Amino acid sequence: MYPLNLPPVQILLLSTRLLWAGLLLLILGLVAAYGLDKQLSLAALVLAHSLTLIGPSVLKIGYVLRLIAQVRLAEGAGTHAVA
């Protein structure tokens, strides 16, 4: 049983968006936390540091979804080739 009842192509598109969003969050967090640390308030600095944790987490979720989509696409291609 699959955790997502979406077609594999839609899962692949979702994973691509999550990968880009995670990368963007990570880069924004790194630039803000370590490049603009003197100009930011304490609350903004805490948010920037939390983005350096949230970004890789979103990247990881996107990567796992990409793997799921690729497995489902391979399974679909295998059943069509046999039938």
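Scroll up to find the structure.
Source: prediction; values computed, not measured. (Residues numbered from 1 in each chain as written. Predicted model: local features only at pLDDT ≥ 70, side-chain atom pairs only at ≥ 80, totals over all residues. Heavy atoms only, no water.)

> What's the story with the environment of Leu13 in this structure? I'm lost.
Of note, Leu13 is situated in helix α1 (residues 8-35). A relative accessible area of 48% means that Leu13 is categorised as partly exposed. Spatially, the C-alpha atom of Leu13 lies 9.3 Å from that of Ala69, the residues being 56 residues apart in sequence. (Helix = DSSP H or I, 4+ residues; strand = E, 2+ residues; numbered from the N terminus. Buried < 20%, exposed > 50% of the residue type's maximum accessible area, 1.4 Å probe, protein only.)

> How should I be thinking about a nonpolar patch on the surface in this particular structure?
The grouping of Trp20, Leu23, Ile27, Val31 and Leu36 at the surface amounts to a nonpolar patch, some 480 Å² of accessible area in total. In this fold, Ile27 is placed in helix α1. Among the residues examined, Ile27 registers a relative accessible area of 44% and is labelled partly exposed. (Patch = residues over 30% accessible without salt bridge, like charges linked within 9 Å, V, L, I, M, F, W, Y side chains within 5 Å. Areas by Shrake-Rupley, 256 points an atom, 1.4 Å probe, with all protein chains shown as cover. Salt bridge = Lys/Arg side-chain N within 4 Å of Asp/Glu carboxyl O.)

> Looking at this structure, how should I read α1?
An α-helix turns once per 3.6 residues; consequently, residues spaced three or four apart project the same way. Its 28 residues give α1 an end-to-end C-alpha distance of 39 Å, which sits within 8% of 40 Å, the value for a rise of 1.5 Å per residue. Of all the positions in α1, only Pro8, Ile11, Ser15, Gly22, Leu26, Gly29, Ala32 and Ala33 are classed as buried. (Expected span 1.5 Å × (residues − 1).)

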